[in-house]
Amino acid sequence: MEEEKKDVKQNDIAELLIDNIKSIEEEQEAVAELAYIASVSENYNSANVKDATSGKVQGVHKNNRLFQKYKIKDMVFLAIITACTLVTGAVMPFVSGIQVFGIIQICLGLQFSILPVIGMMKVRKPGALLLQSIFISIFLSFMFPPMVSIILCALIAEVVALLIFRSYKNDWACVVAGTLYMPLTLPMLILLYNVFPSISKGKDAEQMFMVGSTNFGVAIGISVAVVAICFVGSVIGMVIMRELKKAGKLKE
């Protein structure tokens, strides 16, 4: 009887050991499966992270490129801004006959800085101001042909702003370009009338820009006033655009 009990105990112990070994093997298999799943998921996530990171980097490089492609919506928005600028500049025919140096720039400086800055802050691409100037000059040339020179003024203003800030991502780059835009027409028009006098339609038209410009102090004072007006207008345009973006009315 005792031997039988011993055999039973040994059998029970053997069965327990076998069960423990099986459970240990199952646990090892489960751990191996978990490790495999974790490695697969880690590789998948890292690949997704790399793809997302590379996509973001490419997007950043694309946005930071100096020359960027224009979309149709960009052109449409700039055309709308140009139309608004022309409507607000309807006072020009009434002041173009006043024989005072810089009178046109003083009357148009505010609106010709507010709206172009809004256009540049919405379409933050080099050439935004130049395109607006081309659109504007098409209409202003019928009222006063020398105003075609604003195309060159816009080009100079953009070059200066981009040399300083490298792009229009900084709001103050738009302000600098908007501030320089109209004041540059003062020396440009004087240059056109002095170097190419045939542009003027008679002596009175030529005298219009010479009255006040022959006095160095008066010319400097008027030029400073135009720069101040355009700077204020550019800052107002920046503030308006920022508020529109905060309100969600206008997105870049």
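Each value, and the rule that gives it
Residues numbered from 1 in each chain as written. Predicted model: local features only at pLDDT ≥ 70, side-chain atom pairs only at ≥ 80, totals over all residues. Heavy atoms only, no water. pLDDT = per-residue confidence, 0-100. Helix = DSSP H or I, 4+ residues; strand = E, 2+ residues; numbered from the N terminus. Contact = heavy atoms within 4.5 Å. Expected span 1.5 Å × (residues − 1). Buried < 20%, exposed > 50% of the residue type's maximum accessible area, 1.4 Å probe, protein only. Phe/Tyr/Trp six-rings, centres within 6.5 Å; stacked < 30°, edge-to-face > 60°. Lys NZ or Arg CZ within 6 Å of the ring centre and 35° of its normal. Arc of directions from axis to C-beta. Patch = residues over 30% accessible without salt bridge, like charges linked within 9 Å, V, L, I, M, F, W, Y side chains within 5 Å. Areas by Shrake-Rupley, 256 points an atom, 1.4 Å probe, with all protein chains shown as cover. Salt bridge = Lys/Arg side-chain N within 4 Å of Asp/Glu carboxyl O. Axes fitted to C-alpha atoms, helices over the stretch in contact; angles between N-to-C directions. Parallel < 35°, antiparallel > 145°, perpendicular 65-115°, else oblique.

1. Observations regarding the confidence of the model for the protein chain
For any part of a model where pLDDT is low, the fine detail of the predicted coordinates should not be relied upon. Confidence in the prediction of the protein chain, expressed as mean pLDDT, is 76, and 61% of residues score 70 or more. The secondary structure element of the protein chain with the lowest average pLDDT is helix α10 (residues 203–210), at 47, and the one with the highest is helix α8 (residues 171–181), at 95. pLDDT under 50 marks residues 56–63. Its contacts with residues more than four places away, or in other chains, come to 3 contacts. Contacts from residues 201–209, a stretch scored under 50 in pLDDT, to residues over four places away or in other chains number 17 contacts.

2. As for helix α5 (residues 111–122)
Every α-helix winds through 3.6 residues per turn, so residues three or four apart in the chain are directed the same way. Taking 1.5 Å of rise per residue, the 12 residues of α5 would be expected to cover 16 Å, and the 17 Å separating its terminal C-alpha atoms lies within 8% of that figure. Taken across its 12 residues, α5 has 12 buried, putting it largely inside the fold. When α5 is considered as a whole, its buried residues turn out to be Gln111, Phe112, Ser113, Ile114, Leu115, Pro116, Val117, Ile118, Gly119, Met120, Met121 and Lys122.

3. Examining the packing of aromatic side chains
Following the criterion strictly, the structure yields 0 aromatic pairs and no others. The ring of Phe77 has Lys122 sitting right over it, with the charged end atom 5.3 Å from the ring centre. A cation over a ring is seen here: Lys125 above Tyr70, with NZ or CZ 5.4 Å from the ring centre.

4. Here's the deal with helix α7 (residues 150–165)
Under the 1.5 Å per step criterion, the end-to-end length of α7 is 22 Å for 16 residues, consistent within 8% with the ideal 22 Å. Of the residues making up α7, those classed as buried are Ile150, Cys153, Ala154, Ala157, Glu158, Ala161 and Leu162. An end-on view of α7 places all buried positions within 155° of arc, on one side of the element. Arg166, located one to two residues past α7, shows a positive phi value of around 75°.

5. Structural notes on a nonpolar patch on the surface
Residues Leu152, Leu155, Ile156, Val159, Val160, Leu163 and Ile164 make up a contiguous nonpolar surface patch of about 580 Å² in total accessible area. Note on placement: Ile164 falls in helix α7. Its relative accessible area of 54% is what places Ile164 among the exposed residues.

6. Section: the packing of helix α2 (residues 72–88) against α5
Put simply, α2 and α5 touch, their axes get as near as 9 Å, and they point 175° apart. Of the possible angle classes, the one that applies to α2 and α5 is roughly antiparallel. Contacts between α2 and α5 pair Phe77, Leu78, Ile81, Cys84, Thr85 and Thr88 from the former with Gln111, Phe112, Leu115, Pro116, Ile118, Gly119 and Lys122 from the latter.

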